[in-house]
Amino acid sequence: MDRSPVVASNSGQPSRARRLARAFVILVPALLLAQLLWVAIDIMRLNAIDSEQLLRVFSDHVAQRDAEPLPSLGRTDMGSIESGATIWVLGASSIFFPRGETFVEQLAGRLRARNPSLQVTNLGISGIESRALVEQFEASLSQSPRGPELLIIYAGHNDYNVLYHASLARSFDLFEPLFHLLAPFTQPGLRHGMTVYLRTRVPPLLEWLQRGRLLDFSHLDLTVVNQRIEARFRRNLERIIDRCEALETEVLLVTPVGNLLARPYGSRAATTAPYMWGLALPDSAARIALLQSAQESEFVTYDIRAKAGIAEAMRSLAGSRVSVVDLDSWLVVRGLRLHVRLFADYFHFTKWGHARVTECLWEALAARPKLWSRLGLGPTATAESLR
């Protein structure tokens, strides 16, 4: 008798792996087709966007944002404020990336060579804009009520970048439905990475659609949006400066600069054209002028850079205890404004770039004898010692 084991036959019934594979083969093209259909429909919506609509979206967001209390900013990763700190530096990620190699640490090293007891505290927090700067300064004063002898502020990029992302980015986000479809099936960390990846793909896609004449952004004008950002920035700095006046703290406002060589995205006429022309010109001054014009008009770039209005807002605040360091002009005069080693991305400096900012601040301090003396830095630096 044949006693070999009986094996159940699965013939005619696909395995679980095969069923999943078939579902995947059907689902992925379906998702892509749905996304393409959405983009086709969304192109009509994008062409209908007008400047007034964007202004309303922006204004509603800012009103809601400023009405809500800020969460605790906490700086446990940065350490507590040192007792008797003399210099504080306020800003966002531009003042602590790359970590330990920014102009804050480099300047501190040079200053301590002249006054070893001098304390320099980096109060930078990634991603914050000017309203949060006020809160960070107040939180710092709660730990050290007498405040610093000198407050240095390097900020402005995030007042555009954060507010544009939080209010206007969705108006141009072609991948929003795809993100919502995939969100339930992904972990939070992966979701964030996916969101960033998709949103960095949007600007080139919008550029391509404009090039193919499927989109037209030439009618969009965000001048009023930018003016409101700059007015809000100025009001927030005024709050900090008022506190500094009461504390008899000197203030150095450093105008923010962005990487003019990084590709801006907006309207092809106002943004792409001057950028491409600027790259092609041999004359440095003409190149800078066109590249700055392109940067001024960008509005769908993933990292929006500070515009000229921020520097103007800073200059308008100059006073007896408030000095403005024009970093942009300093770099232009020395032929460094378009140096390829200056930036790591759209507005974060490289270590080499931070070294140039350190030189600028060192010269700015040396040009103010009373402040130099107040910081206990000895005889005023000579031209030779500045190098």
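Look up: the structure comes first, before these words.
Predicted model only: the values in this text are computed from it and were never measured.

So, how was this worked out
- Residues numbered from 1 in each chain as written.
- Predicted model: local features only at pLDDT ≥ 70, side-chain atom pairs only at ≥ 80, totals over all residues.
- Heavy atoms only, no water.
- Phe/Tyr/Trp six-rings, centres within 6.5 Å; stacked < 30°, edge-to-face > 60°.
- Helix = DSSP H or I, 4+ residues; strand = E, 2+ residues; numbered from the N terminus.
- Buried < 20%, exposed > 50% of the residue type's maximum accessible area, 1.4 Å probe, protein only.
- Lys NZ or Arg CZ within 6 Å of the ring centre and 35° of its normal.
- 1 Å grid on protein atoms, 1.4 Å probe; cavity = no way out; pocket = protein on both sides within 12 Å on 5 of 7 lines; lining within 4 Å.
- Points joined across faces, edges and corners; volume = space filled by probe spheres on them.
- Nonpolar A, V, L, I, M, F, W, Y, C, P; charged D, E, K, R; others polar.
- Pairing = 2+ DSSP bridges.
- Right-handed = clockwise from strand over helix to strand, strands pointing away.
- Contact = heavy atoms within 4.5 Å.
- Core = buried A, V, L, I, M, F, W, Y, C linked by side-chain atoms within 4.5 Å.
- Axes fitted to C-alpha atoms, helices over the stretch in contact; angles between N-to-C directions.
- Parallel < 35°, antiparallel > 145°, perpendicular 65-115°, else oblique.
- Left-handed = near helix turned anticlockwise from the far one by under 90°.
- Patch = residues over 30% accessible without salt bridge, like charges linked within 9 Å, V, L, I, M, F, W, Y side chains within 5 Å.
- Areas by Shrake-Rupley, 256 points an atom, 1.4 Å probe, with all protein chains shown as cover.
- Salt bridge = Lys/Arg side-chain N within 4 Å of Asp/Glu carboxyl O.

(A) Quick peek at the packing of aromatic side chains. Evaluation of the coordinates by the stated rule reveals 8 aromatic pairs. Residues Tyr-154 and Phe-349 carry aromatic rings whose centres are separated by 5.9 Å and whose planes lie at 45 degrees to one another, so their mutual orientation is tilted. Pair noted here: Tyr-154 is in strand E3 (residues 150-154) and Phe-349 is in the loop between helix H12 (327-333) and helix H13 (351-366), with a separation of 195 residues, a long-range link. Where Phe-172 meets Phe-299, the ring centres are 5.5 Å apart and the plane angle is 45 degrees; that geometry is what we call tilted. Of this pair, Phe-172 sits in the loop between helix H5 (157-168) and helix H6 (176-182) while Phe-299 sits in the loop between helix H10 (284-297) and helix H11 (308-315); the two residues are 127 residues apart in sequence, bridging distant segments of the chain. Here Phe-172 matches Phe-299 in class, with each residue buried. Taken together, Phe-103, Tyr-154, Phe-343 and Phe-349 form an aromatic cluster joined through their ring pairs. A cation sits over an aromatic face here: Arg-110 above Trp-362, 4.4 Å from the ring centre. It is Arg-356 that lies over the ring of Trp-352; its NZ or CZ is 4.5 Å from the centre.

(B) Layout of the layout of surface pockets. In this structure, the second largest pocket occupies an estimated 280 Å³ of space. In terms of lining residues, the second largest pocket is bounded by 18 residues, among which Gln-292, Glu-296, Lys-307, Ala-308 and Asp-328 are the most central. Among the secondary structure elements, those contributing two or more residues to the lining of the second largest pocket are H10, H11 and H12. With 4 residues, H11 is the largest single contributor of residues to the lining of the second largest pocket. Within the lining of the second largest pocket, the residues separate by chemical class into 6 nonpolar, 5 polar and 7 charged.

(C) Representation of the pairing of strand E1 (residues 87-91) in the model. The element E1 is largely enclosed, with a buried count of 5 among its 5 residues. Of the two faces of E1, the one carrying Ile-87, Val-89 and Gly-91 and the one carrying Trp-88 and Leu-90 are both buried. Sheet topology note: the E1/strand E2 (residues 120-122) ladder contains 3 bridges and is parallel. Bridge pairing links Val-89 to Asn-122 in E2. Crossover E1 to E2 through helix H3 (residues 103-112) is right-handed. Of the strand pairs in this sheet, E1 and E3 are connected by 5 bridges, and their pairing is parallel.

(D) Region of interest: the environment of Ala-344. Following the sequence through the fold, Ala-344 ends up in the loop between H12 and H13. Taking the C-alpha atoms as reference, Ala-344 lies 9.9 Å from Ala-262; in sequence the two are 82 residues apart. For Ala-344, the residues in contact, after removing those within four places along its chain, are Phe-97, Phe-349 and Thr-350.

(E) Fine view of the nonpolar core. Ranked by internal contacts, the top residues of the largest apolar core, which has 56 residues, are Ile-153, Tyr-164, Phe-172, Ile-240 and Leu-253. Sorting elements by how many residues they give to this core places helix H8 (residues 223-247) first, with 7 residues. When sequence neighbours within four positions are dropped, the list of residues in contact with Tyr-164 reads Ala-169, Leu-222, Val-225, Asn-226, Ile-229, Glu-298, Phe-299, Ile-304 and Lys-307. Residues Ile-95, Leu-118, Val-325 and Leu-336 belong to the second largest nonpolar core, which totals 35 residues.

(F) Region of the structure containing empty space enclosed by the protein. This structure, assessed with the given rule, holds 3 cavities of 30 Å³ or more. Within this model, the largest cavity holds a volume of roughly 180 Å³. Lining the largest cavity are 15 residues, and of these His-165, Ala-169, Phe-299, Val-300 and Thr-301 sit closest to its centre. Every element with two or more residues in the lining of the largest cavity is listed here: H5 and helix H7 (188-211). By residue number, the principal contributor to the lining of the largest cavity is H7, which donates 4 residues. Classifying every residue of the lining of the largest cavity gives 11 nonpolar, 2 polar and 2 charged. Roughly 80 Å³ of volume is contained in the second largest cavity.

(G) Region of interest: the packing of helix H9 (residues 268-280) against H10. Orientation of H9 relative to H10, taken along the N-to-C sense of each, is 160 degrees, at an axis distance of 8 Å. Taken together, H9 and H10 sit at an angle that is classed as roughly antiparallel. The crossing of H9 and H10 is left-handed. Within the contact between the two elements, H9 uses Ala-270, Thr-271, Pro-274, Tyr-275, Trp-277, Gly-278 and Leu-279 and H10 uses Arg-287, Leu-290, Leu-291, Ser-293, Ala-294 and Ser-297. Here the residues of the contact of H9 with H10 sort into 8 nonpolar, 4 polar and 1 charged.

(H) Broad picture of the sheet that holds strand E4 (residues 250-254). Strands sit in the order E2-E1-E3-E4-E5 across an open sheet of 5 strands; the sheet is parallel. Because the sheet does not close on itself, it has two edges, and the strands there are E2 and strand E5 (322-325). Across the sheet, the mean angle separating the axes of adjacent strands is 20 degrees when strand polarity is ignored. Where H13 meets the sheet, its contacts fall on E3, E4 and E5, and the angle it forms with E5 comes to roughly 140 degrees.

(I) Here's a closer look at a nonpolar patch on the surface. Together, Leu-37, Ile-41 and Met-44 give the surface a local cluster of nonpolar side chains, amounting to about 330 Å² of exposed area. When you line up the elements, Ile-41 lands in helix H1 (residues 16-48).

(J) Spatial organisation of the pattern of salt bridges. Evaluated as defined, the whole model comprises 18 salt bridges. Among the ionic pairs, Arg-146 bridges to Glu-149, the shortest N-O distance being 3.6 Å. Residue class for Arg-146 comes out partly exposed when judged on its relative accessible area of 47%. With its nearest N and O atoms 2.6 Å apart, the salt bridge here joins Glu-312 to Arg-315. Of this pair, Glu-312 and Arg-315 are both found in helix H11, 3 residues apart, which corresponds to roughly one turn of the helix. Taking the relative accessible area as the measure of exposure, Arg-315 reaches 34% and is therefore partly exposed. Connected through shared salt-bridge partners, Arg-65, Asp-66, Glu-129, Asp-159 and Arg-232 make up one network.

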